Amino acid sequence: MDEQALLGLNPNADSDFRQRALAYFEQLKISPDAWQVCAEALAQRTYRYSELTTVQQQLIRETLISWLQAQMLNPQPEKTFIRNKAAQVFALLFVTEYLTKWPKFFFDILSVVDLNPRGVDLYLRILMAIDSELVDRDVVHTSEEARRNTLIKDTMREQCIPNLVESWYQILQSYQYTNSEVTCQCLEVVGAYVSWIDLSLIANDRFINMLLGHMSIEVLREEACDCLFEVVNKGMDPVDKMKLVESLCQVLQSAGFFSIDQEEDVDFLARFSKLVNGMGQSLIVSWSKLIKNGDIKNAQEALQAIETKVALMLQLLIHEDDDISSNIIGFCYDYLHILKQLTVLSDQQKANVEAIMLAVMKKLTYDEEYNFENEGEDEAMFVEYRKQLKLLLDRLAQVSPELLLASVRRVFSSTLQNWQTTRFMEVEVAIRLLYMLAEALPVSHGAHFSGDVSKASALQDMMRTLVTSGVSSYQHTSVTLEFFETIVRYEKFFTVEPQHIPCVLMAFLDHRGLRHSSAKVRSRTAYLFSRFVKSLNKQMNPFIEDILNRIQDLLELSPPENGHQSLLSSDDQLFIYETAGVLIVNSEYPAERKQALMRNLLTPLMEKFKILLEKLMLAQDEERQTSLADCLNHAVGFASRTSKAFSNKQTVKQCGCSEVYLDCLQTFLPALSCPLQKDILRSGVRTFLHRMIICLEEEVLPFIPSASEHMLKDCEAKDLQEFIPLINQITAKFKIQVSPFLQQMFMPLLHAIFEVLLRPAEENDQSAALEKQMLRRSYFAFLQTVTGSGMSEVIANQGAENVERVLVTVIQGAVEYPDPIAQKTCFIILSKLVELWGGKDGPVGFADFVYKHIVPACFLAPLKQTFDLADAQTVLALSECAVTLKTIHLKRGPECVQYLQQEYLPSLQVAPEIIQEFCQALQQPDAKVFKNYLKVFFQRAKP
């Protein structure tokens, strides 16, 4: 609505505003959209409704009823969206007024609408809107609203639900053959309300017979199905539920609904499948309850009832339409869970298990329409459906692992015998089943080929068939991908039969894998190849040089100007570089040979890097600059990735590769002084430095000062945020070794941080505020690392003025910023500094600082309104605050207690008995006691 025009409604508004308001409402009267505007305004502004006078509220009620009466007489019905909006307004008014001022809400509406079709339509829409307000679990309600809604439902059950149910019956009876739209709406209402009203009002002969009758009327049966599903889903006594389901099933069966093959309407069958699923699961819940209660006789009946539904369940599970099949999976899964609990299975139950297994195998198969090159919504739905089937397969394995293994082996062997003449989807599913067995028949650490002899030999036999059958040459991407996925899933097979490694390596390296015509296959194979080589590194030694030669062209850095499309993306190349690194590092070659191979791998990158960096310095066009910077970044990333191959057992030094990586460092560091594309270049070099700190250890230290100097130039918040973890890593790793460097760069780093934090930003610029918050956290994390690594002298040697400035920022961080993560860090820093400097021999003036600033911070921070003691992070901050106070007491002794008792706590107007209590808690030897007390202390202190 026009906010300016609404000002004219104020009794004190001037004449101009009043004129504008009158004109606006006159225009609104003749506008066809007026009702929508008013309804939206009312719906959005219910919070103002309570401010109206009783007379005004009565007027609104009367206006709505008048509008409802008018709908009976209008020659044309209102548009659907207006009817929905009006229903929403009625519902909002209902939840506000029903318990107090409008207890006859439904009777008033029913007296107006009677059985008029337009009136009934609106009445049913209002009921759905009310259900949405009261029951809809997608709507988040406050605890107050939830209490109100419960009270409304209780009152409705007492006062009007039987009348509403009667009205539904009359509507269904009146319109079932003449107005399918209204009938379907009414069935939807019944389905919605049945979950929270007395079921006997619906689950009785007259209602159920009518609903079953609707099952035979084509335009009603889908909605009738859904309605029956809600009835069946309602919680009730297990024996009663069993009787209800059984009576429904008898009628449905005798009416021919169980003859699935006669039915062509897949939409109806999808709903029917959901209904059968509901009935099956309800019977299973009843069985579980009866077993738990020890009622064996009725439990046996329930099991018998479940068994008689299995044939129908199987028909629906195997149905060619995946929606129909998907809707019955829950029943199927739960049925298998019952069988898992039985000690002995009957022949029929064993046959059922086998039938479910065959159905799952069939339904896992792709259909002809599946688009592998451009996967859309349908394909995504099939992938999800396959995940459901996988859960069934896993459950089948729990019921009868031997049967599953034998069935898969049979399908796999017969398919792979004739793979050349078999359709791709059948070949894919045969390999897929072998792949799925790995999770369905779990073992620890992939040891599928040891332990249980019959299982191991069956899997070994299938894997041997997979690698020797030639199926890796099948001309379909789905088969190729499944082949490689299965090879890697069962990599332990190759430790048992290593003779197959060469042919599998060739598959990875030729047109079947890394050189496949499909980019998708090449990309996935790059990752799988890296996993394969890593897991079998001991078996790789005879093939290392051959593999390195064959992947040479895949390692080439593709500069932006050469125009040719490389086989692998840069992300895929990362895996190839990592694989090359793993092969070299884990080889049995002497250190000199490893060094030579690593140099062969990395020298082309370094040479390309130098050339590309020169080109970047001269590039004018921004697009070209970006593509060159990306390429440089890839080169650094590739070199970085090779270093992942090293470990504690195989260090860079032991492999003789330190020199190669130091050369890389010298090659890459000049990129930090490049004025163009700083973000991209700095990010790559920074990551490389992180890796080198781990790999080269102290050999990296000479490079750190100049790298840091470059990275601190022209800094933004994000640059600093990413640079600080690098300094933290160096500090934590090398400690005293880097003390001179840290002392030298400490204040320049702090100046850069403060300069960014003090930059003005727009008040509502949330991203700038978040960046500053993250930078503040990084700054405090840096101070925590310095103090926690025993390097407090780095701070102490910065001169008294700078030391005080740093300490004041920590106090501010603890108290002033409502960020519990930063506050926690600040208290950790303060307690560490008190521990180091707070004794009698601490720096001059620090004891004063403790009493003037640190002690007050421990009280001022938790007393702030923003310090939310219900928040988990804030409680952790309070815990560190407690540690700080305990540390002060530990270092200063009775003097600290005296200061709190006689000076500080009285200044906060704390009562003498509470002061006494506080000091006693502080002096408790158990720190946990004081932490718990402190939380209670501040909970009491806050209003």
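Residues numbered from 1 in each chain as written. Predicted model: local features only at pLDDT ≥ 70, side-chain atom pairs only at ≥ 80, totals over all residues. Heavy atoms only, no water.

Named according to an unreviewed UniProt entry, the chain is Exportin-T originating from Sapajus apella. Under the Sequence similarities (unreviewed entry) heading, UniProt states for the chain: "Belongs to the exportin family." UniProt's Subunit (unreviewed entry) comment on the chain is quoted here verbatim: "Found in a complex with XPOT, Ran and tRNA. Probably found in a complex with nucleoporins. Interacts with Ran and tRNA in a GTP-dependent manner." (UniProt positions renumbered as here; feature names shortened; annotations may be inferred.)

### Focus on the UniProt feature "domain: Exportin-1/Importin-beta-like" (unreviewed entry) in the chain
Per the UniProt record, the feature "domain: Exportin-1/Importin-beta-like" (unreviewed entry) sits at residues 80–228. Annotated as 73% helix and 0% strand, the span residues 80–228 places its first and last C-alpha atoms 27 Å apart. (Helix = DSSP H or I, 4+ residues; strand = E, 2+ residues; numbered from the N terminus.)

### Side note on the packing of aromatic side chains
Under the counting rule described, the total for this entry stands at 50 aromatic pairs. Ring centres of F483 and F484 lie 5.2 Å apart, and the angle between their planes is 75°; this geometry places the pair in the edge-to-face category. Accessibility classification places F483 together with F484 in one group, the buried group. Relative to Y904, the ring of Y899 lies with its centre 6.3 Å away and its plane at 20°, an arrangement referred to as stacked. By relative accessible area, which is 17% here, Y899 ends up buried. Accessibility expressed as a relative area gives 9% for Y904, which makes it buried. An aromatic cluster is built from F449, F483, F484, Y490, F493, F494, F508, F529 and F532, whose rings are joined through pairwise contacts. Residue placement shows R221 over the ring face of F268; its charged tip is 4.0 Å from the ring centre. (Phe/Tyr/Trp six-rings, centres within 6.5 Å; stacked < 30°, edge-to-face > 60°. Buried < 20%, exposed > 50% of the residue type's maximum accessible area, 1.4 Å probe, protein only. Lys NZ or Arg CZ within 6 Å of the ring centre and 35° of its normal.)

### As for unusual backbone geometry
Of note in this structure, Q677 is not a glycine but carries a positive phi near 50°. By the element assignment, Q677 lies in the loop between α33 (658–668) and α34 (678–696).

### Some details on helix α36 (residues 717–734)
For α36, with 18 residues, the first-to-last C-alpha span of 26 Å sits near the 26 Å given by 1.5 Å per residue. Structurally, α36 contributes buried residues whose contacts are with α34, α35 (704–711), α37 (739–757) and α38 (766–788). Residue K735 follows α36 closely and has a positive phi angle near 40°. (Expected span 1.5 Å × (residues − 1). Contact = heavy atoms within 4.5 Å.)

### As for the domain arrangement of the chain
Under the domain assignment, the chain is made up of domain 1 (50–218) and domain 2 (799–942). Placing the centre of domain 1 and that of domain 2 at their C-alpha centroids yields a distance of 59 Å. (Domains from an automatic or database assignment.)

### So, the layout of surface pockets
The space that makes up the second largest pocket amounts to roughly 820 Å³. For the lining of the second largest pocket, the secondary-structure elements that each account for two or more residues are α18 (322–327), α20 (347–363), α21 (377–399), α22 (401–417) and α23 (424–440). In terms of residue count, the dominant contributor to the lining of the second largest pocket is α21 (seven residues). The residue makeup of the lining of the second largest pocket, split by class, is eleven nonpolar, four polar and 14 charged. (1 Å grid on protein atoms, 1.4 Å probe; cavity = no way out; pocket = protein on both sides within 12 Å on 5 of 7 lines; lining within 4 Å. Points joined across faces, edges and corners; volume = space filled by probe spheres on them. Nonpolar A, V, L, I, M, F, W, Y, C, P; charged D, E, K, R; others polar.)

### Some points on the pattern of salt bridges
One pass over the full model with this rule turns up 44 salt bridges. When the shortest N-O distance is used, the salt bridge between E698 and K653 registers 3.6 Å. Remark: K653 occurs in the loop between α32 (622–642) and α33 and E698 occurs in the loop between α34 and α35; sequence separation between them is 45 residues. Shared partners join several salt bridges into a network, and the residues in it are K390, D394, E439 and R489. (Salt bridge = Lys/Arg side-chain N within 4 Å of Asp/Glu carboxyl O.)

### Quick word on helix α6 (residues 80–97)
Three or four residues apart is the spacing at which side chains of an α-helix point the same way, because the helix has 3.6 residues per turn. Its 18 residues place the ends of α6 26 Å apart at the C-alpha level, agreeing with the 26 Å of an ideal helix rising 1.5 Å per residue. Of all 18 residues that make up α6, 13 are buried, and the element is covered over most of its length.

### Some points on the packing of helix α11 (residues 180–193) against helix α13 (residues 221–233)
Here α11 crosses α13 at 15°, and the two axes come no closer than 8 Å. Relative to α13, α11 is oriented roughly parallel. Of the two elements, α11 crosses α13, and the hand of that crossing is left-handed. Where α11 approaches α13, its residues C184, L187, E188, V190 and G191 are matched on the opposing element by E223, A224, C227 and E230. For the contact of α11 with α13, the residue count by class is five nonpolar, one polar and three charged. (Axes fitted to C-alpha atoms, helices over the stretch in contact; angles between N-to-C directions. Parallel < 35°, antiparallel > 145°, perpendicular 65-115°, else oblique. Left-handed = near helix turned anticlockwise from the far one by under 90°.)

### Things to note about a negative patch on the surface
A cluster of acidic residues, D367, E369, E377 and D378, forms a negative patch at the surface. Within the secondary structure layout, D367 lies in the loop between α20 and α21. Here D367 falls in the partly exposed class, since its relative accessible area comes to 40%. (Patch = residues over 30% accessible without salt bridge, like charges linked within 9 Å, V, L, I, M, F, W, Y side chains within 5 Å. Areas by Shrake-Rupley, 256 points an atom, 1.4 Å probe, with all protein chains shown as cover. Lys, Arg positive; Asp, Glu negative; His and termini not counted. Charge placed at Lys NZ, Arg CZ, Asp CG, Glu CD.)

### A word on the nonpolar core
Membership of the largest hydrophobic core comes to 326 residues, with the highest contact counts inside it found for M156, W168, F272 and F859. For this core, the element with the highest residue contribution is α23, accounting for 13 residues. Both domains that furnish three or more residues to this core are identified here as domain 1 (50–218) and domain 2 (799–942). Apart from the residues within four sequence positions on either side, M156 is in contact with F94, Y98, F106, L134, I161, L164, Y193 and W196. (Core = buried A, V, L, I, M, F, W, Y, C linked by side-chain atoms within 4.5 Å.)

### Section: the side chain of Q677
For Q677, a relative accessible area of 18% corresponds to the buried category. Leave out the neighbours within four places in its chain, and Q677 touches L616, E622, Q625, T626 and A629.

### A short note on the environment of W102
With respect to the helices and strands, the residue W102 is situated in the loop between α6 and α7 (105–113). Look at W102 and you get buried, because its relative accessible area is 5%. Separated by 41 residues in sequence, W102 and R61 place their C-alpha atoms 8.9 Å apart. Discounting residues that sit within four places of it in the chain, W102 has contacts with R61, I65, L93, E97 and D108.

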